[in-house]
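# Structural features, examined
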Amino acid sequence: MLIAGTGVQDRDGGVMPNDPYRPLRQIADTLSRRGIAVLRLDDRGFAEGNHWSPPTAAEVAEDVRNAISLLRGRADIDAQRILVIGHSEGGIVAPMIAAGDSGLAGIILLSAPAKSWRQTRQELARAAAERDPRLRTAEERDSVASAQLASEEVMITRVRAFGFLADHDPLPAARRVSRPSVLILHGATDQQVPPAHVELLAAAFRAGGNRDVSVRLFPETNHLMVHDPNGDPSGYDALPSRTVTAEVLGALAEWASTRLGARSDPQQSTCR
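Residues numbered from 1 in each chain as written. Predicted model: local features only at pLDDT ≥ 70, side-chain atom pairs only at ≥ 80, totals over all residues. Heavy atoms only, no water.

## A word on the packing of aromatic side chains
- Throughout the structure, instances matching the rule amount to 1 aromatic pair.
- Pairing tryptophan 117 with phenylalanine 162 gives two aromatic rings, centres 5.2 Å apart and planes at 20°, and the pair type is stacked. With tryptophan 117 in helix α4 (residues 117–131) and phenylalanine 162 in helix α6 (residues 160–166), the pair connects residues that are 45 residues apart, well separated along the chain. Of the two residues, tryptophan 117 and phenylalanine 162, neither departs from the other in class, the shared state being buried. (Phe/Tyr/Trp six-rings, centres within 6.5 Å; stacked < 30°, edge-to-face > 60°. Helix = DSSP H or I, 4+ residues; strand = E, 2+ residues; numbered from the N terminus. Buried < 20%, exposed > 50% of the residue type's maximum accessible area, 1.4 Å probe, protein only.)

## A look at unusual backbone geometry
- Cis geometry is adopted by the peptide bond preceding proline 180, which originates at arginine 179 and carries an omega value of 15°.
- With respect to the element layout, proline 180 can be found in the loop between α7 (171–175) and β4 (181–187).
- In this structure, serine 88 is a non-glycine residue whose phi angle is positive, near 55°.
- The residue serine 88 is located in the loop between β2 (83–87) and α3 (90–98) in this model.
- Notably, glutamate 220 is not glycine yet its phi reads approximately 50°, a positive angle.

## With respect to the nonpolar core
- By size, the foremost hydrophobic cluster in this structure holds 42 residues, and its most contacted members are Ile107, Ile184, Leu201 and Phe205.
- Within the residue set of this core, elements represented by two or more residues are α2 (57–72), α3, β3 (106–110), α6, α7, β4 and α8 (197–207).
- For isoleucine 184, the contacting residues outside a window of four places in its chain are Leu109, Val198, Leu201, Ala202, Phe205, Val213, Ser214, Val215 and Arg216.
- Counting 30 residues, the second largest nonpolar core, distinct from the first, contains Leu24, Leu83, Ile108 and Val248. (Core = buried A, V, L, I, M, F, W, Y, C linked by side-chain atoms within 4.5 Å. Contact = heavy atoms within 4.5 Å.)

## Some points on the pairing of strand β5 (residues 213–218)
- Where β4 meets β5, 6 bridges bridge the pair, whose relative direction is parallel. Residue pairing for β5: valine 182 is matched across the bridge by valine 213.
- Handedness of the β-α-β unit built from β4, α8 and β5 comes out right-handed. (Pairing = 2+ DSSP bridges. Right-handed = clockwise from strand over helix to strand, strands pointing away.)

## Regarding empty space enclosed by the protein
- Under the defined criterion, the tally for this structure stands at 1 cavity of 30 Å³ or more.
- Computed from the structure, the largest cavity encloses a volume of approximately 130 Å³.
- Listed by contribution, the elements that provide at least two residues to the lining of the largest cavity are β1 (2–3) and α2.
- If you tally residues by element for the lining of the largest cavity, the top one is α2, at 3 residues.
- Looking at the lining of the largest cavity residue by residue, the classes come out as 9 nonpolar, no polar and 4 charged. (1 Å grid on protein atoms, 1.4 Å probe; cavity = no way out; pocket = protein on both sides within 12 Å on 5 of 7 lines; lining within 4 Å. Points joined across faces, edges and corners; volume = space filled by probe spheres on them. Nonpolar A, V, L, I, M, F, W, Y, C, P; charged D, E, K, R; others polar.)

Fair warning: the whole summary comes from geometry, so function is off the table for now.
Here it is in structure tokens:
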């Protein structure tokens, strides 16, 4: 079961038509070649073109729970071997699901935050100001960071999804996931969710008694899990490739195959 990040996205993980970034389709193709069935959904509102009012994480979680129930009712699906894979905001939703569903076989989090949206944005705004060579004094850096945060507070008030995430702490849900197994994948150059969040998340899962928590940090990989030595979101459109790296897909598929006991058949894919 695949869960996309923030925004109204299609089942491929794309926000706009003809968007070259299709992470969920890549993941689905990779897993299906290993004999793993994959379910991915268009977000609420996508079919209606409602791109400016994305569902909240709680609403996404509700849809995912319904989808898992559907899977468990199918004769061709092993109800005891279901993985949930979430990217970015999807990495917040996956532990929300697992905290109330110990029957899952595992969860995989890609680029998942360990702090609220507001706290994360504060970290990033201040880090960006520190990196800006044009800002020579602490007062200048504070002023620029504060202005950036003020503009983002406007989004919090206008967009329900951001309002939900603004003060939502992902760690309590992680602490309630004593099982199933957990894999956390993150890019070392991620400038949307700092890589330091990885160990905070892992520690939260382990604090809840989970004994099977694995972490992988990928060098020169951004928030999209795309090769990017810089990781600045403003440079995404200029990247030579918008595809998830083979290293990330390989790590994800190997872990999933091991947990599910799946066969490998690289010549075949039923992704559609």
